[in-house]
Amino acid sequence: MARAKKAETPEFDRDAWEYLTYAPGSTCSACSRTVKALEPVRRGVVDRTSGAPVTVYRHNKCPSAQAVAA
């Protein structure tokens, strides 16, 4: 009997950000805060094992990263 392959957690390459944009109403994937109207965000794509890739947005200067650095 064949053993099922264990699904791996999708990884995101931090250098793979596509471009800087504005995405009001979207959620930042790092801090889970809603993106405001004129807040710049980076757009990226995460591959999933269970389906199609998902577009993600992160603040250009994420508040959660600043809190960790302080």
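Structure report, in brief.

The rules behind these values
- Residues numbered from 1 in each chain as written.
- Predicted model: local features only at pLDDT ≥ 70, side-chain atom pairs only at ≥ 80, totals over all residues.
- Heavy atoms only, no water.
- Helix = DSSP H or I, 4+ residues; strand = E, 2+ residues; numbered from the N terminus.
- Buried < 20%, exposed > 50% of the residue type's maximum accessible area, 1.4 Å probe, protein only.
- Areas by Shrake-Rupley, 256 points an atom, 1.4 Å probe, with all protein chains shown as cover.
- Pairing = 2+ DSSP bridges.
- Axes fitted to C-alpha atoms, helices over the stretch in contact; angles between N-to-C directions.

1. Considering the overall build of the chain
Along the backbone of the chain there are 1 helix and 3 strands. Going from the N terminus to the C terminus, the chain shows its helices and strands as β-β-β-α. Scored against the burial criterion, the 70 residues of the chain give a buried share of 17%. Split by element, the accessible area of the chain, about 5700 Å² in all, is 50% carbon and sulfur.

2. Overview of the sheet that holds strand S3 (residues 54-59)
Two modes of strand pairing occur in sheets, parallel and antiparallel, and in both the strands are linked by backbone hydrogen bonds. Here we have 3 strands laid out as an open sheet, ordered S1-S2-S3, and antiparallel in their pairing. The strands lining the two open edges of the sheet, one partner per strand, are strand S1 (19-22) and S3. Between one strand and the next, the sheet's axes are offset by a mean angle of 45 degrees, whatever the strand orientation. Bridge analysis of strand S2 (residues 40-46) against S3 gives 6 bridges, and the strand direction is antiparallel. Across the sheet, residue Val45 finds its bridge partner in S3, namely Thr55.

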